[in-house]
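Single-letter residue listing:
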Amino acid sequence: MKLSYLALPVAAAACLFTAGCASHTAYYAPPPPPPPPGYNSVPPLIARADHEGFRAGTEDGARDLYNGFGYHPQHDRKFHGTPGYDAALGPYGPYRDEFRRAYLRGYDQAFRRG
C-alpha cells in the first residue's frame, strides 16, 4: 500500500520534469541559392511561342477592330497555323499550345483596349 502512495507523486514529478525537455529550437534548411545571372528559366521554345503568338494576336486583333469585324480570334488563320515554329527548338505540341495562349492574350488586348 505504501508503494502505491509513493508511485503516484514520483510519476507526476517525472512527467513535470521531462515536459520541459520537449521544446527545442527549430532548425530549417537555408533557401536554395538564387539562379546565376542571365539564367532564363523559360525554355527557348516556350519563349519564342509566347513572343510570336502575342505579336500575331495583337496584329490580328487590331486589324479586326479597325475593319469592324467581330471578336473572333479562333477564326484567324494564324491561330491555327501557329507560324514561327522551329523544329530545332523542340516538339510542336508545347509550341502550339503556348502560341495559342499568347495569341488569345494579344488578340484580346488589342481588340478590347484598341
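So, here's what we can say about the structure. (Residues numbered from 1 in each chain as written. Predicted model: local features only at pLDDT ≥ 70, side-chain atom pairs only at ≥ 80, totals over all residues. Heavy atoms only, no water.)

1. Points about unusual backbone geometry
If a residue is not glycine, its phi is most likely negative; likewise, a peptide bond is most likely trans. Positive phi values are uncommon outside glycine, yet Thr-82 reaches one of about 45°. Its place among the elements puts Thr-82 in the loop between helix 3 (77–81) and helix 4 (92–113). Judged by relative accessible area, which is 2%, Thr-82 ranks as buried. (Helix = DSSP H or I, 4+ residues; strand = E, 2+ residues; numbered from the N terminus. Buried < 20%, exposed > 50% of the residue type's maximum accessible area, 1.4 Å probe, protein only.)

2. Some points on the packing of aromatic side chains
The way to describe two aromatic rings as a pair is by their centre distance and the angle between their planes. In the structure shown here, the tally under the stated rule is nine aromatic pairs. Aromatic pair Tyr-71 and Phe-111: ring centres 5.2 Å apart, planes at 65°, arrangement edge-to-face. Of this pair, Tyr-71 sits in the loop between helix 2 (44–67) and helix 3 while Phe-111 sits in helix 4, and the two are 40 residues apart along the sequence. In this structure Phe-111 comes out as buried when scored by relative accessible area, which is 15%. Pairing Phe-99 with Tyr-103 gives two aromatic rings, centres 6.2 Å apart and planes at 25°, and the pair type is stacked. On the criterion of helical spacing, the pair formed by Phe-99 and Tyr-103 is a turn pair, its members being four residues apart in helix 4. Residue class for Tyr-103 comes out buried when judged on its relative accessible area of 0%. In this structure, Arg-100 is placed above the aromatic ring of Phe-79, and the distance from its NZ or CZ to the ring centre is 5.2 Å. The ring of Tyr-71 is capped by Arg-112, whose NZ or CZ atom sits 4.3 Å from the centre of that ring. (Phe/Tyr/Trp six-rings, centres within 6.5 Å; stacked < 30°, edge-to-face > 60°. Lys NZ or Arg CZ within 6 Å of the ring centre and 35° of its normal.)

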